[in-house]
Amino acid sequence: MIERKEIRPNRFVEGIDIYNPSVSLDKIDYSGSLTPLKLDWNEATIPPAPEVKQALSAIIKRNNTLNWYPELFSKSLVRALADYTGRREDEIVVTNGSDDGLVLILRTFLEPGDHVVIPHPTYTHFLTQAETVGALISKPVTRTPFQPDSSVIINNTTADTKLVYIVNPNNPTGTLLPVKEIERLLKRYPNTIFLIDEAYYEFAGETATGLVSLYPNIIISRTFSKAFAMAGLRVGYIVANTAVITLLKRLLNPKSVNIFAQTAAIAALKYRHYTESYVQAVHQSKELFISFLRSRNITVFDSRANFVMVEHPHHKQLLAQLEQHNVFTRDRSNFAGMEHFFRITLGTIDQTKELIRRFEMILNSEK
Ligand SMILES: *Cc1c(COP(=O)(O)O)cnc(C)c1O
């Protein structure tokens, strides 16, 4: 008889914990008089365009949409994205959310022991995934987190560094590294992949996609989860040089993006003026909210995305009070140097006025 051993994961997964988010979904009060304001995960605060919903219900009514596999490699969506991004179809792949795109990039290019630079603070999903492929990760902390800073990258990158991850605009600080700076890095480290996560591109309006035909060492990831209001549907995409895209397609599962996701994304791009006006509203909301906080002497950092960072000496208490008012924000105080910070997503102007009303109630009750 062969002795039965405990089943263990591979050595890179051994030290990893199950992702434990602060799940606001469990705390939301749907029955009370205060409408929930879910402002913790940077999702859009409104549903997708009505045309997107119509396209989704049309799928259910049509025959052979659910029993057959979806269109392989999301070909029609790639075509629509070529138009949206101004890139060629062979410079784009669609993934099941951009998080899956990040994993695809890691699995395609990294080997155990490869050096990866992830400046902090930033979006941590990528960090965990890079650990599971055995990367040696440098996590230098940006000294001026609210100013774009390429020196932190230069000080920690060598000619042998395999990959540098830059969230642009960054989550949670909202800073934007100018495209010119990115281009300088691409030239300086020609054998290093620069992965630019543009999850908040629509809010910032600036992109590095124009560099992909000139440099084979840049890869850009984007998502429909934020400005396009489709986080529940899971669609993301990658833009890169044709040579890179050809390599990514080796491991890409051509049927991993389901038919609802593909159809909704095509409709969202077709009716993109809806997203454009949402983006405008978010920018106005940010201005409104920032001037409110400043009028109350609360420190707040503006961003190029759909959120702001707020610093408050009693932030935990404030977050708890906001939750009592059915407002959900994200505690970011576990990041180095951000001991009293929380992040708050902004939505429509009406929602922001309501947010300010509840915030004021809390502040006034403290007196
Ligand atoms: C929200 C977010 C994502 C997640 O995108 P999905 O397409 O929903 O997987 C990726 N990167 C950053 C920086 C984000 O903030």
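The coordinates are above.
Treat the numbers as computed from the prediction; the structure is a model and nothing was measured. (Residues numbered from 1 in each chain as written. Predicted model: local features only at pLDDT ≥ 70, side-chain atom pairs only at ≥ 80, totals over all residues. Heavy atoms only, no water.)

## Observations concerning the overall build of the chain
So the rule is basically this: By the criteria applied, helices consist of DSSP H or I runs no shorter than four residues and strands consist of E runs no shorter than two, each listed in order from the N terminus. For the radius of gyration, the atoms used are the C-alpha atoms, and the globule rule reads 2.2 Å times the number of residues raised to 0.38. Buried residues are those whose accessible area, probed at 1.4 Å on protein chains only, stays under 20% of the maximum for their type, while exposed residues exceed 50% and partly exposed ones sit between those limits. We call two residues contacting when some pair of their heavy atoms lies within 4.5 Å. When charges are tallied, Lys and Arg are placed among the positive residues and Asp and Glu among the negative ones, while His and the ends of the chain are skipped. For charged residues, the charge sits on one atom: NZ in Lys, CZ in Arg, CG in Asp, CD in Glu.
Per the secondary structure count, the chain includes 12 helices and 13 strands. Taken over C-alpha atoms, the radius of gyration comes to 21 Å for the chain, in line with the 21 Å a tight globule of 367 residues would show. With the C-alpha coordinates aligned to their principal axes, the bounding extent of the chain is approximately 60 × 60 × 55 Å. Across the 367 residues in the chain, those meeting the buried criterion constitute 51%. Long-range pairs, those at least 24 residues apart, make up 71% of the contacts in the chain with a sequence separation of at least 6. Taken together, the 41 basic and 38 acidic charged side chains of the chain have centroids lying 3 Å from each other.

## Focus: the sheet that holds strand E2 (residues 92-95)
Spelled out, the test is: Two strands qualify as a pair provided DSSP detects at least 2 bridges between them. Here an angle of 0 to 180 degrees is reported between the N-to-C directions of two axes, which are lines fitted to C-alpha atoms, with helices fitted over the stretch in contact.
Taken together, the 7 strands give an open sheet; going across it, the order is E2-E8-E7-E6-E5-E3-E4, and neighbouring strands pair in mixed fashion. Both outer strands of the open sheet, E2 and strand E4 (136-138), are each paired with one neighbouring strand and no more. Here the strands of the sheet are splayed against their neighbours by 20° on average, with no regard to which way each runs. In terms of strand pairing, strand E6 (residues 193-197) meets strand E7 (residues 218-223) through 4 bridges, oriented parallel. Paired with Phe 194 across the bridge in E7 is Ile 218. The sheet strands contacting helix H4 (residues 125-132) are strand E3 (115-117), E4, strand E5 (163-167) and E6, and the helix crosses E4 at an angle near 150°.

## Examining the packing of helix H3 (residues 98-109) against helix H8 (residues 242-251)
The line we're drawing: By definition in this entry, angles of less than 35 degrees are roughly parallel, angles greater than 145 are roughly antiparallel, angles of 65 to 115 are roughly perpendicular, and the rest are oblique.
Viewed as axis vectors pointing N to C, H3 and H8 meet at an angle of 95°, and their least axial separation amounts to 9 Å. The angle between H3 and H8 falls in the class roughly perpendicular. Residue-level inspection shows Leu 104, Ile 105, Arg 107, Thr 108 and Phe 109 of H3 in contact with H8, the latter providing Val 244, Leu 247, Leu 248 and Leu 251.

## Structural notes on the site of the ligand
Our working definition: Here a residue counts as near a molecule or strand whenever at least one of its heavy atoms sits within 4 Å of it. We call two N or O atoms a polar contact when they sit within 3.5 Å, provided that within protein one can donate a hydrogen and the other can accept it, with sequence-adjacent residues counted only if both atoms are side-chain atoms. Only the protein chains shown count as cover for residues, and the accessible areas themselves come from Shrake-Rupley with a 1.4 Å probe. Each residue receives one of three labels: charged for Asp, Glu, Lys and Arg, nonpolar for Ala, Val, Leu, Ile, Met, Phe, Trp, Tyr, Cys and Pro, and polar for the others, Gly being one of them.
Surrounding the ligand, one finds 13 residues, the nearest of these being Ser 98, Tyr 200, Thr 223, Ser 225 and Lys 226. In this structure, an oxygen atom belonging to the ligand sits 2.7 Å away from a side-chain N or O atom of Tyr 200. Within the side chain of Thr 223, one N or O atom sits 2.5 Å away from an oxygen atom of the ligand. If the ligand stood free it would expose 390 Å²; the protein chains cover 94% of that surface. Grouping the amino acids of the shell around the ligand by side-chain chemistry returns 4 nonpolar, 5 polar and 4 charged.

## Some words on the pairing of E6
Quick note on the threshold: A right-handed crossover is one whose linking path, passing over the helix from the first strand to the second, runs clockwise when the strands point away from the viewer.
Of all 5 residues in E6, 5 are buried; the element is thus mostly enclosed. Alternating residues of E6 divide into Ile 193, Leu 195 and Asp 197 and Phe 194 and Ile 196, and every residue in both groups is buried. In the sheet, E5 pairs with E6 via 5 bridges, with the strands oriented parallel. Looking at the pairing, Leu 163 lines up with Ile 193 of E6. A crossover links E5 with its parallel partner E6, the connecting element being helix H6 (residues 179-188), and its sense is right-handed.

## What about the environment of Arg 332?
Take Arg 332: it is sitting in the loop between strand E12 (330-331) and strand E13 (341-345). Arg 332 sits 181 residues away from Ser 151 along the chain, and the two C-alpha atoms are 24 Å apart. The residues contacting Arg 332, other than those within four sequence positions of it, are Pro 172, Met 309, Met 338, Phe 341, Phe 342 and Arg 343.

## Digging into the pairing of E7
Among the 6 residues in E7, 6 count as buried, and that is most of the element. Residues of E7 alternate between two faces, with Ile 218, Ile 220 and Arg 222 on one and Ile 219, Ser 221 and Thr 223 on the opposite face, all of them buried. Bridge analysis of E7 against strand E8 (residues 236-240) gives 5 bridges, and the strand direction is antiparallel. Residue Thr 223 lies in a different strand from E8, and its bridge partner there is Gly 236.

## Some words on the nonpolar core
In plain terms, the rule: Only buried Ala, Val, Leu, Ile, Met, Phe, Trp, Tyr and Cys residues count toward a nonpolar core, and they belong to the same one when joined by side-chain atoms within 4.5 Å.
Leu 81, Phe 194, Ile 218, Phe 224 and Val 235 are the most contacted members of the largest nonpolar core, which has 46 residues in total. For Phe 224, the residues in contact, after removing those within four places along its chain, are Leu 77, Leu 81, Ala 229, Met 230, Ala 231, Val 235, Tyr 237, Ala 265 and Leu 269. Among the nonpolar cores identified, the runner-up in size contains 26 residues, and Leu 106, Ala 130, Leu 163 and Ile 245 belong to it.

## A look at the packing of aromatic side chains
Where we set the bar: Aromatic rings from Phe, Tyr and Trp, with only the six-membered ring used for Trp, were paired whenever their centres fell within 6.5 Å, and each pair was classed as stacked if the ring planes differed by under 30 degrees, edge-to-face if by over 60, and tilted otherwise. Geometrically, a charge over a ring is one whose NZ (Lys) or CZ (Arg) sits within 6 Å of the ring centre while staying within 35 degrees of the ring normal.
Within the structure shown, the criterion is met by 12 aromatic pairs. A ring pair is formed by Phe 126 and Tyr 165, whose centres lie 4.1 Å apart and whose planes are at 20°; its orientation type is stacked. Here Tyr 165 lies in strand E5 and Phe 126 lies in helix H4, a separation of 39 residues in the sequence. For the pair Phe 126 and Tyr 165, one class covers both residues: buried. An angle of 40° between the planes, with centres 6.3 Å apart, marks the rings of Tyr 189 and Phe 194 as tilted. Phe 194 matches Tyr 189 in its accessibility class, with the two residues each being buried. By way of ring pairs, the aromatic residues Tyr 84, Phe 224, Phe 228 and Tyr 237 are connected into one cluster. The residue whose ring lies beneath Lys 255 is Tyr 69, and the NZ or CZ to ring-centre distance is 5.1 Å.

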